[in-house]
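# Architecture and fold: a report
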Amino acid sequence: MMLVAGKPQATVPPRGVYRRPLRVQTISAVSRPTTDRNFTSRRIISWILLSSFVWKARTLLRAFPFEASGSFSRKPAQSTVRRKADSNSNRRWRLYHGRVMATAISTRFRNEALADFALPENRRAMEDSLAKVRSEFGREYKLRLAGESIATGDLLTSLNPSAPGQAVGIHHKATPALANRAVETALAYFPEWSRTPATERVRMARETARLLRLRRFEFDAWLCYEAGKSWIEAEAEIAEAIDFCEYYALEMERLDGPHAMVQLPGERDEMTYIPLGVGVVIPPWNFPLAILAGMTIAALVTGNTVVVKPSSDTPTIGAKFAEVLLEAGFPERAFTLLTGSGAAVGDVLVAHPKTRFIAFTGSRDVGLRINELAAKTQPGQIWIKRVVAEMGGKDAIVVDGDCDLDKAVDGVVASAFGYQGQKCSACSRAIVDAKVYDAFLEKLAPKVAALTVGPCDDPAHYMGPVINRAARETILSYIETGKSEGRLVAGGSAAPGDGYFIAPTVIADVDAGARIFQEEIFGPVLAVTKASDFEHALALANDTQYGLTGAVFSNNRQHLAEARERFHVGNLYFNRKCTGAMVGAHPFGGFNMSGTDSKAGGPDYLLLFLQAKAVGARL
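For the coordinates displayed, the defined rule picks out 32 salt bridges. For D347, the salt bridge is made with R369, and the minimal N-O distance between the two is 2.5 Å. Within this pair, whereas D347 is found in helix 11 (residues 342-351), its partner R369 is found in helix 12 (residues 364-375), the two being separated by 22 residues in sequence. Residue classification places D347 among the partly exposed positions, given a relative accessible area of 24%. Salt bridges sharing partners connect three or more residues here, namely R108, E112, R206, R213, R216, E235, E246 and E253.

The next subject is the pairing of strand 23 (residues 549-553). In terms of burial, strand 23 is largely enclosed, as five of its five residues are buried. Of the two faces of strand 23, the one carrying T549, A551 and F553 and the one carrying G550 and V552 are both buried. Sheet topology note: the strand 23/strand 24 (residues 571-574) ladder contains four bridges and is parallel. Bridge pairing links T549 to N571 in strand 24. This β-α-β element, strand 23 to helix 18 (residues 557-566) to strand 24, shows right-handed connectivity.

For the rest of this paragraph, the subject is helix 10 (residues 315-328). Under the 1.5 Å per step criterion, the end-to-end length of helix 10 is 20 Å for 14 residues, consistent within 8% with the ideal 20 Å. In terms of burial, helix 10 is a largely internal element, 11 of the 14 residues being buried. Buried residues of helix 10: P315, T316, I317, G318, A319, K320, F321, A322, V324, L325 and A328, and no others. At the exit of helix 10 stands G329, carrying a positive phi of roughly 110°.

In this section: the environment of E112. Tracing the backbone through its elements, the reader meets E112 in the loop between strand 4 (99-100) and helix 4 (120-135). Classification of E112 as buried rests on a relative accessible area of 15%. In the structure, E112 is positioned 97 residues away from A209 in sequence and 10.0 Å away in space, judged by C-alpha atoms. With residues up to four places along the chain from it excluded, the contact list for E112 reads R213, R216, A239, I242 and D243. Here R213 takes part through its side chain, which lies 3.0 Å from a polar atom of the side chain of E112.

So, about the confidence of the model for the chain. For the chain, per-residue confidence averages 87 on the pLDDT scale, and residues scoring 70 or more make up 83% of the total. A low-confidence stretch, residues 1-41 (pLDDT under 50), is modelled with 53 contacts involving residues beyond four sequence positions or located in other chains.

Within this structure, the stated rule accounts for zero disulfides. The thiol of C427 is not disulfide-bonded; the next cysteine sulfur, from C578, is found 5.0 Å away. The exposure class of C427 is buried, given its relative accessible area of 2%.

Our next topic: the packing of aromatic side chains. Under the criterion given, the structure shown has 11 aromatic pairs. Between the aromatic rings of Y248 and Y605, the centroid separation amounts to 5.4 Å while the plane-to-plane angle is 15°, which identifies the pairing as stacked. Linking Y248 in helix 8 (residues 231-255) with Y605 in the loop between strand 25 (591-592) and strand 26 (610-618), this pair joins segments that are 357 residues apart in sequence. One aromatic cluster in this structure is built from F109, F244, Y247, Y248, F357, Y605 and F609. Positioned above the aromatic ring of F517, the side-chain terminus of R429 is 4.7 Å from the ring centre. Directly above the aromatic system of Y573 lies the positively charged group of R576, at a separation of 4.1 Å from the ring centroid.

On to the side chain of Q422. Counting through the fold element by element, Q422 comes out in the loop between helix 13 (405-417) and strand 18 (427-433). Once residues within four sequence positions are removed from consideration, Q422 is found in contact with W285, N286, P465, V466, I467 and F522.

Between helix 6 (residues 198-214) and helix 10, the shortest axis-to-axis distance is 8 Å and the interhelical angle comes to 130°. Judged by the inter-axis angle, helix 6 sits oblique to helix 10. Crossing handedness for the pair helix 6 and helix 10: right-handed. Each of R203, M204, E207, T208, L211 and L212 in helix 6 lies in contact with helix 10, whose residues at this interface are F321, V324, L325, E327 and A328. Along the lines of polarity and charge, the residues of the contact of helix 6 with helix 10 split into seven nonpolar, one polar and three charged.

Of all five residues in strand 17 (residues 395-399), five are buried, a share of seventy percent or more. Here strand 17 shows two buried faces, one formed by D395, I397 and V399 and the other by A396 and V398. In terms of strand pairing, strand 17 meets strand 18 through five bridges, oriented parallel. Across the sheet, D395 pairs through a bridge with C427, a residue of strand 18. Read from strand 17 through helix 13 to strand 18, the crossover connection turns out right-handed.

Taken together, seven strands build an open sheet; the order of strands is 19-20-21-18-17-23-24 and the sheet is mixed. A single partner strand is all that each edge strand has here, and the edge strands are strand 19 (487-490) and strand 24. Taken pair by pair, the neighbouring strands of this sheet meet at an average axis angle of 20°, ignoring direction. The sheet contact formed by strand 20 (residues 505-508) and strand 21 (residues 525-531) spans three bridges and is parallel.

Here we take up the nonpolar core. Side chains of nonpolar character tend, in soluble globular proteins, to be buried together. Among the nonpolar cores identified, the biggest contains 107 residues, and L212, Y248, F330, I431 and F567 are the most heavily contacted of them. With 13 residues, helix 8 is the largest single contributor of residues to this core. The contacts of L212, once residues within four sequence positions are left out, are F219, I238, A241, I242, C245, F321 and V324. Listed in part, the 33 residues of the second largest apolar core include L405, V413, Y437 and V528.

Thresholds, definitions, all that
Residues numbered from 1 in each chain as written. Predicted model: local features only at pLDDT ≥ 70, side-chain atom pairs only at ≥ 80, totals over all residues. Heavy atoms only, no water. Salt bridge = Lys/Arg side-chain N within 4 Å of Asp/Glu carboxyl O. Helix = DSSP H or I, 4+ residues; strand = E, 2+ residues; numbered from the N terminus. Buried < 20%, exposed > 50% of the residue type's maximum accessible area, 1.4 Å probe, protein only. Pairing = 2+ DSSP bridges. Right-handed = clockwise from strand over helix to strand, strands pointing away. Expected span 1.5 Å × (residues − 1). Contact = heavy atoms within 4.5 Å. Polar contact = N/O pair within 3.5 Å; in protein donor to acceptor, adjacent residues only side chain to side chain. pLDDT = per-residue confidence, 0-100. Disulfide = S-S within 2.5 Å. Phe/Tyr/Trp six-rings, centres within 6.5 Å; stacked < 30°, edge-to-face > 60°. Lys NZ or Arg CZ within 6 Å of the ring centre and 35° of its normal. Axes fitted to C-alpha atoms, helices over the stretch in contact; angles between N-to-C directions. Parallel < 35°, antiparallel > 145°, perpendicular 65-115°, else oblique. Left-handed = near helix turned anticlockwise from the far one by under 90°. Nonpolar A, V, L, I, M, F, W, Y, C, P; charged D, E, K, R; others polar. Core = buried A, V, L, I, M, F, W, Y, C linked by side-chain atoms within 4.5 Å.

Right, dumping it as structure tokens:
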């Protein structure tokens, strides 16, 4: 609800339909008849000056049209693309604490609603999808490059981590030669694709979202089987993938076309955003659909061509998403899905002299290697490569002495053990004020012990497996280390079953110098540390090389204000969990070793895939 002309309105009229009128108030002396010749001359001069002012004001209004809401557009009114896009748009500049925000906020975007599995029809649809996906287990997937189907004979088999004896998909691995060819093919098609009207690319992005909605339960099932996600976690991921497609489509509409700048006398000055070139997209296994979709759609909708290398643990989900892109209308030459190991083809793609940018999500060590490799100029390279990287975290939740302790416990449990703790945003450190430390542990332990662990196709299980055998071994090794660094409160071992199951584990009384306090484990392991007061708690929270997410549970306004200023993370939450960033509401990306400060799902993100060109024309 907004106030327009002093009255409440359900919606703001679209830009260009209603604009704030220019009201000119004349002084009474000017409008009063008189026979004074000098005064008449002054009146004529006044009208000339006033007319000049009105003409200039109207000129400015055309360049930056005021809306009924009192806000203004960032695009020139004469842009035909803008008129078409804004006929359904209410984008405006938002006031925050009395200041104008630096980025435009779209009021058209709404996050995708989650399917409610308590409804019988949704539960049946999910069960049918699980059966359909099981019937496709073991299917062979060939490489496709510019429409050509390629079998290399070197096979990669993805497994069901809940039952490692089941082969989910069999994929042909790319060779270094094919990686080079993929970049060259993308480069050859870039001039044509970059000239494709943004309206067409936006239409394809929205069609991708529509097709994902139609196949949501099928993708939920693939995420359960190949990525080891529970029904709820899988559903949250498909919704996020849809959100990325819709949000980036809106953002491309905003960025398309010339943008009016400060106008010098006698010139027409504007700026446009143009695509970069060939990009390499390297998504992670823990969000093999949402992050893959987000980075790929961001690159394509902005006019770049891309080579996508999915994780070797989840290549089937990548192949299914590629099917959706083709059905949505994206040309086969605009993108290539290239399965294979990072060592064999990943380095080739990053180092290629014609690669213009790399969008990566994954571990700190791999991200640093990509950044280092991309920084080295190759023969024939004529640009500085751009790296967009999100690289993990060691995230903390601070539990203040003055808080709702039950809500704090629930927030920590959800953040630490949702998707088995395999999120870069997961809470792996609970830092608790000494005043409530013992009470917190008393409430936490039984809730963790009650969490069920088992195969993901059974919705009765809260937690599924970790992604693979190597991950399970690493996590169990950290647990053994943690037992010597603190006091075991819950879990502490593998969980029963044939899959890669680990019991949710809590280790208390952990010192800030402990390995399980400092190192990213990426599993269901929570370290709990006592803080003497809130000041000490913030210092402990910041005692890390990472800076991705964090949360504070407190009813103390002064403490929350201090955390807002001093808790050094890219995504900070108050009195809620530190996972579950929502596209549009929580632009996601962190500081320090957590990445390059990119903000996925935010108004600045597409700018990472574009470059600005200023044009000044003498009239």
